[in-house]
Structure formats: C-alpha cells, structure tokens
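# Analysis of the macromolecular model
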Amino acid sequence: MVNDKPETVLELRHLRTEFGSREYPLVAVDDISFEVNAGEILGLVGESGSGKSITLRSILGIVRPRGRVAGEILWKGRDLAALDEAALRKVRGREIAMIFQEPMSSLNPLLTVGLQISENLVAHTGLDAKARRARATELLDMVGIPGARDRLGDYPHEFSGGMRQRVMIAIALASNPQLLLADEPTTALDVTIQDQILRLIQSLSRDLGMAVILVTHDMGVVAQTCDRVAVMYGGRLCEVGTTSQVIADARHPYALGLLRSIPRDVAPRTPLYSIPGAPPALNALPPGCAFSARCPVAGPECLDLRPPFETVGQFHKVACHHRFEALAHFNQQEAAQ
Amino acid sequence: MNMLTVEPAAPLLSIRDLSMRFSKSRSLSDTLAGRPRQIVSALNGVDLDVMPAETLGIVGESGCGKSTLARCIAGLHQPSSGDIRFEGQSVIGLKGASRRAYNRRVQMMFQDPYTSLNPRMTVRDTLREAISVHHMREGAAIDRRIYELLDLVRLPDGAADKYPHEFSGGQRQRIGIARALSLEPTCLVADELVSALDVSVQAQVVNLLLELQDNLGLTVLFVAHDLRLVRHVSHRVAVIYLGAIVEVGPSEALFSRPRHPYSQALLAAAPSLDPADRRRAPALSGELPSPLAIPPGCPFHVRCPHAAERCRTEKPVLRPVGGGMAACHFAEAISGA
Ligand SMILES: Nc1ncnc2c1ncn2[C@@H]1O[C@H](COP(=O)(O)OP(=O)(O)OP(=O)(O)O)[C@@H](O)[C@H]1O
Ligand SMILES: Nc1ncnc2c1ncn2[C@@H]1O[C@H](COP(=O)(O)OP(=O)(O)OP(=O)(O)O)[C@@H](O)[C@H]1O
Ligand code: SF4
Ligand code: SF4
Ligand SMILES: [Mg+2]
Ligand SMILES: [Mg+2]
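Read on for an overview of the structure. Owing to the predicted nature of the structure, the values given are computational and were not obtained by experimental measurement.

Let us look at the packing of helix H5 (residues 123-133) of chain B against helix H6 (residues 140-152) of chain B. Residue and element names in this part refer to chain B. Taken N-terminus to C-terminus, the directions of H5 and H6 make an angle of 115 degrees; their axes are 10 Å apart at the nearest point. In this structure, the crossing between H5 and H6 has a hand that is right-handed. Contacts between H5 and H6 pair Val123, Arg124, Leu127, Arg128, Ile131 and Ser132 from the former with Ile142, Asp143, Arg145, Ile146, Tyr147, Leu149 and Leu150 from the latter. By residue class, the composition of the contact of H5 with H6 is eight nonpolar, one polar and four charged.

Right, dumping it as structure tokens:
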C-alpha cells in the first residue's frame, strides 16, 4: 500500500439490489459498502449466486430485467444511482468498462473483431477512421494477439477461447476506462492463458492508474493479482481486507472455511475440510447472518441479529458476532490435522 | 519400450501408441473452394499405464486431448490407431457380451451434473435403470441396492423419489457417482468431476471419492484443470500436451520437481496462494498450437525456453527421468537430474 492516500474513485454506500415483487423481494445484493482507489485491484470473491455479478451490474445500471437498485454509487463523487439512462450511457463503456462473465456471448459473431473495437472507439472517442484503425491494432497488440494488424479482419470464431477473451479486454480498454469491472475474466481459460491475462490487467492498473474490480472464485487468483479483497456470502459482505490480511489472517467463519477447503499444506489424499451444507436460496435467508445455517460457531442470536461490520485492523473489517470463537475453532482444527 | 518390466505390478490399463483423429466438418466455403477436409489430431501416440487401485491425475491445457483420452478409455470413442489393454486383454474392437462387460467395469463420470441426468426421472428410476440394464440385481434386491448406494454417497433415503432439479450441484454430482457405482465398476473415469462446483462443495465430493476409492479398491482416472486438487487426490500424474504424454510420475515428485519444461511452465502458471510469490511476467507465453497442425520435432518447441536445433527436427520419446518418465531431449540438464 502506498503511504499518501490514493484517490478513491468509486464508493458504494449501502448498495441494495432486489428482484421480484416488492412485498416478497429477492435481495441479491444486501447493504454492500466498499470503495476502490485509482490504480487498485479489488478482488470480489464468494460462492456461486452470492451476488458478485449483480454488484458489478448495479454499478453500471444494468440489472435489467426488473432489478431495483437502492443506496449510493459514488463515482468520483457523483451518484450514479441517481442518474437517468442517457447520463449513465456517457459513463458506461467510457469511464467505466466491463468485461462480462460470458465472453462468447458478448462478441457479435457476424462482425469482424476490428469492426467491434472500432464501434467502441466511435462511441467513446473522437478518433477518425484512420486513427481508429491504428488504435485497434495497438489495442490487440497490447493484449498480446500476435500479428494484430492482420487479424482486424478476422471473425470471432477464428480466434481461440483465450484470444476471444483478450479481444473482449481490448474492446473494454478501447476508451481508456478509469475503472474496469472484470467479471471472472479468466474462469473459462487455462492457467497459462489466465496467467497472461492477469499479468496484463495488473500492468494496466499499475501503469495507467486504472482501478479494477476483479470477480473470481479462485483464491489463488486473488493472491496473485489483487491488492485488497472483499468476500461475499448470500448477497452480503462478510470480510474486507488487504490480500495478505484475508489470505493469511481471515476472521470470518465463511472466509476461514473457504480457505481451509483449498488443499494446501495437507497430507496427500487426506480428507479436506469442507463447509457443511449447501449455499442458501436467496429467498430463504434469515434476517440475521446469511451464513448461520452452515456456520460451525453460530450462536442463538446469529439467526435474528445482523452482525455489524467491525474493524479488526487497518483496512481489515469483519461482520461476525463470534470472531474470536471462529478463530479458536479453526485454529483447533488446524492443530488436529 | 520396456516400461512394463519396470513396473512392480501388472497394470490394470495399458495404453500404447494411442491416436485419435477427427475429421473436421467442412464449411460451405471450404467445400465450394474444393479444400480438403481438415484432420484434428486430438491424440498422437499416447503411452500410459494405469495401476490397479491407483488414482492417476491427468492435466494439461484446454484442447490438449484429456477428454478424448478419457472417452477412448471409457469406450465412448473408437481410437484411430494404437491399443488399450484392460487386465491384459485388448479392448479395441470388443463386441457383444465382452463389450458390455467392459463398459460396465469402466465407468465414466461427467463434469456437468445438470445435463448428464435425465430431468424427468427420479433418482430411484435412474439407479433402477442402470442396475437392471446390466442385471446387477433382480426384484426386491434392486430397491435394497438403491438405498445402499444412496447411503454410500451420503444422500438421505428420501432422495430416492426426488427429481434432479430438487438437488444442489454437489448433490447431483453424488447422484452421478451413485449411478456409476451401481454397476460395481473396477475403474472410474472422472472428467472434470468437480470443476463446476463451488470450492466449499468441491471438498465434499472429493472426500467422498477418496473414501469410496479406499473402501472399494477402485482405480480412478482423475482429469481436472485444478492442479492443487489433482496433486491432492492423485498417486501419480500424467501431463499431456498436444495429445501426447510429456511427463508422468509420482504426484509429489512431479509437483515438487517437474522434469519437463512444459510441466514446469504449467505448474508455474497456476496461481499460488502466497501473495509473496507474485510474478510480473507470465510463466509461459504463446498459446497451444492448433491440433490441425502439430509442430514437427518436439511439439513444445515453439513455446519452449530451452528449445535447441535438435528439438525442431527430432521428436523426443517418453523415457525414464528421475522417479518418473519425461519426453524431453534435455530433461536431465534442465531439471538438474
Ligand atoms: N434478473 C434476475 N432476476 C431474479 N434473480 C436474479 C436475476 N439475476 C440474478 N438473480 C439472482 O441473484 C443472485 C446473485 O446472482 P449473481 O449473478 O450476482 O451471482 P454471482 O455471485 O455472480 O454467481 P456466479 O459465481 O455463479 O456468477 C442469484 O441468486 C441469482 O439467481
Ligand atoms: N468429436 C470431435 N470432433 C472433432 N474434434 C474434436 C472432437 N472432440 C474433440 N475434438 C478436438 O480434439 C482436441 C482435443 O479435445 P479434448 O476435448 O480432448 O480436449 P481437453 O483436453 O479435454 O480440453 P478441455 O480442457 O477444454 O476439456 C480439440 O482440438 C478438440 O477441438
Ligand atoms: S458466528 Fe454468527 S455472525 Fe458469525 S458467521 Fe457464524 S452465524 Fe454469522
Ligand atoms: S525437447 Fe527441446 S523443445 Fe522439447 S521440451 Fe525438451 S528442450 Fe524443450
Ligand atoms: Mg457471476
Ligand atoms: Mg475436456
């Protein structure tokens, strides 16, 4: 972390996104607050269905159909949640760009890759046709597509999965965004290509000061790429901290269990730690802690009383009523292994 | 090749020079232009022994032929050339009763628990069908066996009369395992068995697999892209590149000291959980060459940092290096053996 306070570009305050009827809403994102600084990569991890994608989509104002967003989304001090569609469109894709979770479905199979990059440049920059071509080549080059100039005329199906993902990144970067929302940009890719793409995102963030929110399932990706990490469970935030704080010194029972279930420093072929039960349905969450049904240290109040976020160290916050018991429980487990 | 004499016990499966070529369907424009059909060489001379009751992990980049190998072994593909021996008998071209017997003893389990189960059949129907087709039990013994199987995979008896959509992903994966076990197989082929599951649920299924294997003496082929998981469950691991084994050896030895430059790069690219291990440059540049045009000489030479003149012309054979085998001309010099 840098000493002088870096500029905060995005600040979420009590973000809440719900679907369904107003009487019985399905709350996909429930009271989430965090901030992202310029040049910083924030990891967002959590189980399938925990609300990671909906958080990113809420920032961009694309939770249709029928998503309702409440709370504040302060983008450089301006509340995006209060903007209308026309004003939002000026921010979207230009200042804030997104790489979607399904890369194959977000490229148009009928248009050449060059044209798709160019479309984005028309929409968000004042470049003329010649300059657009040069910029498109430069972008493909930057994301490591060999022979970029000769590939502008190729269609998406002529690229491998890893290359298509890099094309998506090139399109997202076309407008020099100040914030990149990357939704599992490497989940479908091999470790070798994943490694190449993460190193690229890292260097762009470092060299251009671009802020990044990186959604991932993989704690290894977090360890190797992110400056800070936010852990979600059941639409709520349960722990936030620097990467080393969360990976080496997690405090929330879900984060502790998640890290413990990854095989590392355990004898081969011995049983792995596993969090009991299955992720909850969003419409069956208790009013208290979302993790209470699976938590090994839950107390009687956990079901009804929402645990507040408490500071446990500089940058490090945890939402749990029993964090000391949690630490003791998992330390004991460790000793037993 | 004197691999057979080196092994202490007789292998359960013995694969020699196995190749699988697919002819790519021609696009209309190819047909009009009179271009010949393209041939995808998915497997190019695989040599591999699988020992009884071992777990053999298979790793490699996407498209390198892992699933094709798994499907050839499970009898779902007829290989183009080469041999697969099971308990000493060739299984290529088996017909009638002996084919059915082999198909029962080697069971494939699939990645996608959603599509591999019939949505309109209850768990009981699914298991009953499998049991009756192969005459594993008759009459009332079938129902008793169904409950035994559910117990084996830790599903409650009440699960029998439910439909697949009523289960979570991890539970569906267990139903798939129960179906495979209903045929009392000798060998399970698990192709990305837990890849689609959340980390917290993965551990439950992996633990079950380890336990079943020890109790039932099963041989398991474990294909997965999560290297940490493969290391944890496997006795031995095979690394595959462009349809050929480039290294095979005891799991711990291979992971702590890979001998082949490709294994070295693959392991280095896997994101470590230690934030202190960060690299700025990717571990391996370039992509897997197209299986339509396998490079001559060593198939890895276009990406290999150690490639020399000899590598461009002479194909290295799989030979003993350290405690395992590697296919690299310079394996000793490179890995300091
Ligand atoms: N349009 C919608 N209408 C109703 N519910 C929705 C809608 N979109 C998403 N949801 C629900 O919101 C929850 C959060 O979804 P989200 O896509 O954010 O999960 P995620 O954390 O990104 O999961 P994954 O890791 O599987 O991508 C899920 O339970 C999902 O079913
Ligand atoms: N039925 C088929 N027809 C034509 N080509 C095929 C067929 N099955 C596989 N291939 C090709 O053979 C090669 C090997 O594919 P395979 O599915 O075995 O790879 P894999 O290692 O399992 O990859 P992944 O990790 O993505 O599952 C690929 O180039 C694939 O496109
Ligand atoms: S102890 Fe209570 S508050 Fe903390 S994670 Fe468990 S259920 Fe939630
Ligand atoms: S044979 Fe040559 S090109 Fe192939 S892996 Fe060894 S050093 Fe590299
Ligand atoms: Mg998502
Ligand atoms: Mg596969």
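Residue-level contacts link 42 residues of chain B with 50 residues of chain A. Counting each side, the surface lost to burial between chain B and chain A is near 3,500 Å², with a carbon and sulfur contribution of 53%. Its largest share of buried area at the contact with chain A, chain B owes to His232, Leu273 and Arg278 of chain B, together 20% of the area lost on that side. The interface formed by chain B and chain A includes two salt bridges. With a shortest N-O distance of 3.2 Å, arginine 279 of chain B and aspartate 195 of chain A are connected by a salt bridge. Scanning the region where chain B abuts chain A turns up 22 residue pairs in polar contact (both at pLDDT 80 or more). Broken down by secondary-structure element, the contributors of at least two residues to the side of chain B that touches chain A are helix H8 (199-216), helix H9 (227-233) and helix H11 (261-269) of chain B. The leading source of residues in the side of chain B that touches chain A is H8 of chain B, at 10 residues.

On to the nonpolar core. Formed by 97 residues in total, the largest nonpolar core has its most connected members in Leu13, Leu48, Leu69, Ile73, Ile177, Leu221 and Phe222 of chain B. Looking at this core, the element that brings in the most residues is H8 of chain B, giving seven residues. Filtering out sequence-adjacent residues up to four positions away, leucine 69 of chain B remains in contact with Ile15, Leu18, Leu43, Val46, Leu48, Ile58 and Ile240 of chain B. Within the second largest apolar cluster, 67 residues are counted, among which are Ala174, Ala290 and Ala326 of chain A together with Leu273 of chain B.

The rules behind each value
- Residues numbered from 1 in each chain as written.
- Chains lettered and ligands numbered in written order.
- Predicted model: local features only at pLDDT ≥ 70, side-chain atom pairs only at ≥ 80, totals over all residues.
- Heavy atoms only, no water.
- Axes fitted to C-alpha atoms, helices over the stretch in contact; angles between N-to-C directions.
- Helix = DSSP H or I, 4+ residues; strand = E, 2+ residues; numbered from the N terminus.
- Left-handed = near helix turned anticlockwise from the far one by under 90°.
- Contact = heavy atoms within 4.5 Å.
- Nonpolar A, V, L, I, M, F, W, Y, C, P; charged D, E, K, R; others polar.
- Buried area = accessible area lost by both parts, 1.4 Å probe.
- Salt bridge = Lys/Arg side-chain N within 4 Å of Asp/Glu carboxyl O.
- Polar contact = N/O pair within 3.5 Å; in protein donor to acceptor, adjacent residues only side chain to side chain.
- Core = buried A, V, L, I, M, F, W, Y, C linked by side-chain atoms within 4.5 Å.
- Buried < 20%, exposed > 50% of the residue type's maximum accessible area, 1.4 Å probe, protein only.

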